[in-house]
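# Summary of the model geometry
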Number of protein chains: 2
Amino acid sequence: PQQGYPAYPPPADPVAQHFQAVAGADGQISAEELRRCLSQSGMSAYPRPGDSFSLETCRVMIALLDTDHTGTMGLNEFRELWRALEGWKGTFQQFDRDSSGTIEAAELHDAIRAFGYNLSRPTVEAIVSRYSRYSNRQIMFDDFIALSVRLRAVSERFRARDREGQGYATIYYEDFISMTMSI
Amino acid sequence: PQQGYPAYPPPADPVAQHFQAVAGADGQISAEELRRCLSQSGMSAYPRPGDSFSLETCRVMIALLDTDHTGTMGLNEFRELWRALEGWKGTFQQFDRDSSGTIEAAELHDAIRAFGYNLSRPTVEAIVSRYSRYSNRQIMFDDFIALSVRLRAVSERFRARDREGQGYATIYYEDFISMTMSI
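Cut-offs and rules
Residues numbered from 1 in each chain as written. Chains lettered and ligands numbered in written order. Predicted model: local features only at pLDDT ≥ 70, side-chain atom pairs only at ≥ 80, totals over all residues. Heavy atoms only, no water. Least-squares fit on C-alpha atoms with pLDDT ≥ 70 in both. Contact = heavy atoms within 4.5 Å. 1 Å grid on protein atoms, 1.4 Å probe; cavity = no way out; pocket = protein on both sides within 12 Å on 5 of 7 lines; lining within 4 Å. Points joined across faces, edges and corners; volume = space filled by probe spheres on them. Helix = DSSP H or I, 4+ residues; strand = E, 2+ residues; numbered from the N terminus. Nonpolar A, V, L, I, M, F, W, Y, C, P; charged D, E, K, R; others polar. Buried area = accessible area lost by both parts, 1.4 Å probe. Polar contact = N/O pair within 3.5 Å; in protein donor to acceptor, adjacent residues only side chain to side chain. Buried < 20%, exposed > 50% of the residue type's maximum accessible area, 1.4 Å probe, protein only. Axes fitted to C-alpha atoms, helices over the stretch in contact; angles between N-to-C directions. Parallel < 35°, antiparallel > 145°, perpendicular 65-115°, else oblique. Left-handed = near helix turned anticlockwise from the far one by under 90°.

### Overview of the relation of the copies chain A and chain B
With an RMSD of 0.1 Å, the fit of chain A onto chain B corresponds to turning through 180° and sliding 0.0 Å along the axis. Between the two chains, the operation in question is that of a two-fold axis. Ranked by how close their C-alpha atoms come to the rotation axis, the residues of chain A are headed by T170 of chain A, at 2.1 Å. An overlap of 100% is found between the interface residues of chain A and their copies at the interface of chain B, pointing to a shared contact surface.

### Remarks on empty space enclosed by the protein
Counted according to the given criterion, the structure contains three cavities of 30 Å³ or more. Each pocket or cavity is described by its volume, and for the largest cavity that value is around 70 Å³. Along the walls of the largest cavity sit A31, R59, I62, A63, D66 and G71 of chain A together with S129, R130, S132, R133 and S135 of chain B, which together make up its complete lining. At the level of secondary structure, the elements contributing two or more residues to the lining of the largest cavity comprise α3 (55-65) of chain A together with α6 (121-131) of chain B. For the lining of the largest cavity, the residue count by class is three nonpolar, four polar and four charged. Computed from the structure, the second largest cavity encloses a volume of approximately 60 Å³. Lining the second largest cavity we find S129, R130, S132, R133 and S135 of chain A together with A31, R59, I62, A63 and G71 of chain B. Every element with two or more residues in the lining of the second largest cavity is listed here: α6 (121-131) of chain A together with α3 (55-65) of chain B. Grouping the constituent residues of the lining of the second largest cavity by class yields three nonpolar, four polar and three charged.

### Some words on the interface of chain A and chain B
Contacts between chain A and chain B engage 50 residues on the former and 50 residues on the latter. Between chain A and chain B the total buried area reaches about 4500 Å² when both faces are included, carbon and sulfur atoms providing 60% of it. Linking chain A to chain B there are 25 residue pairs in polar contact (both at pLDDT 80 or more). For the side of chain A that touches chain B, the elements supplying multiple residues, two or more each, are α3, α6, α7 (141-161), β3 (168-172) and α8 (173-181) of chain A. When residues of the side of chain A that touches chain B are assigned to their parent elements, the largest contribution, eight residues, is made by α8 of chain A. Of the residues in the side of chain A that touches chain B, the class split is 24 nonpolar, 17 polar and nine charged.

### Some remarks on the side chain of H109 of chain B
Residues and elements named next belong to chain B. As for its placement among the helices and strands, H109 is situated in helix α5 (residues 105-114). According to the relative accessible area criterion, H109 is buried, its value standing at 9%. Within polar-contact distance, the side chain of H109 engages the backbone oxygen of L119 at 3.1 Å. Those residues in contact with H109, other than ones at most four positions away along the chain, are L119, S120, R121 and V124.

### Some thoughts on the environment of R137 of chain B
Note on placement: R137 of chain B falls in the loop between α6 and β2 (138-140). A relative accessible area of 24% places R137 of chain B in the partly exposed class. Placed 27 residues apart in sequence, R137 of chain B and E164 of chain B show a C-alpha to C-alpha distance of 36 Å. Ignoring sequence-local partners within four residues, the contact set of R137 of chain B consists of H69 of chain A together with I103, E104, A105, E125, V128, S129 and S132 of chain B. At a separation of 2.5 Å, a polar atom in the side chain of R137 of chain B contacts the side chain of E125 of chain B.

### Some remarks on the packing of α5 of chain B against helix α7 (residues 141-161) of chain B
Residue and element names in this part refer to chain B. Running from N to C, α5 and α7 point in directions that differ by 40°, and their axes come no closer than 12 Å. The pairing of α5 with α7 is recorded here as oblique in orientation. Where α5 crosses over α7, the handedness of that crossing is right-handed. Across from L108, A111 and I112 in α5, the residues of α7 making contact are F144, L147 and L151. Partitioned by chemical class, the residues of the contact of α5 with α7 number six nonpolar, no polar and no charged.

### Some remarks on the layout of surface pockets
Each pocket or cavity is described by its volume, and for the largest pocket that value is around 650 Å³. Lining the largest pocket are 38 residues, with S54, L55, E56, R133 and D142 of chain B positioned closest to its centre. Taken together, the elements giving at least two residues each to the lining of the largest pocket come down to α3, α6 and α7 of chain A together with α3, α6 and α7 of chain B. Its residues assigned to classes, the lining of the largest pocket comprises 13 nonpolar, eight polar and 17 charged. In this structure, the second largest pocket occupies an estimated 220 Å³ of space. A63, L64, D66, T67 and R157 of chain B are the residues nearest the centre of the second largest pocket, which is lined by 13 residues in total. Among the elements of the structure, α6 of chain A together with α3 and α7 of chain B are those that each provide at least two residues to the lining of the second largest pocket. Taken together, the residues that form the lining of the second largest pocket break down as five nonpolar, four polar and four charged.

So this is what it looks like as structure tokens:
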């Protein structure tokens, strides 16, 4: 290449390129392909370069936006997920002051508040018990992403039933199961 | 040992022995210890001998009965879990007619009905999308256990809010989050 000029123009749409690197001809990706995609793109590379999300966390990400229940994700949903991941990752890194790859229960409380959710300490403690991988009250990056995805999904679903914004909703059993068991 | 007699009397309480083989001095087990325990005891050995549950599935099992939010499980909770696992495993094996270690979406519908839950086909389809590991509409044993645990937990929690048994309940946002994000 001529000196001072890059060999190729910079990619116009890096997010689409990450997606297309793993998507098959059908333009959809599975949880396993999403995992590879987020690893290759560096999105899951925290705290160590090359880190991958667990398959479980990728399945929750697929389920977040899988309105047609195919178990796969298209490019538009991937763009939306990517934006959300950038926000969650930034928040996690901000609270993980020593870059250990984990945050404490108290920091999770602040991180959740930074997302705009106002949850009491007992509720956050219950979340910590569920998402703390080694019963040590610490939340790893992978688990933080899984809980952020699920918190967003269940909050959106609740809000759709609380149209008046009263803070409560009347929910039928079957609807409750479908809201909670599909994420 | 004398011929015709076993070297030791048969164990009086095999479930407690499985538990004590992994529990520390505090009499509590973590998700990782539960995983080892269920593997050593043969409970997770399906379809192949030696199979283990995923750590994620063990975390959900801990969360099912973790009313004090310690992230660990005592012997009494372990006994309760063991009984439930025997039932779920028996149901799974019954529907997995070719012993492949997976069941189809239609079989999941029947299995869930066998537990006594009456869910519509669209709701079961949404559950299949979430719990089908390879986007192939099939449910593996490990995922079946995770979804059975969660279905039981969220159903119990819902029923506690629907005291009159009307099939619906008025739920506040914070309560909704605590019901769904702690399992």
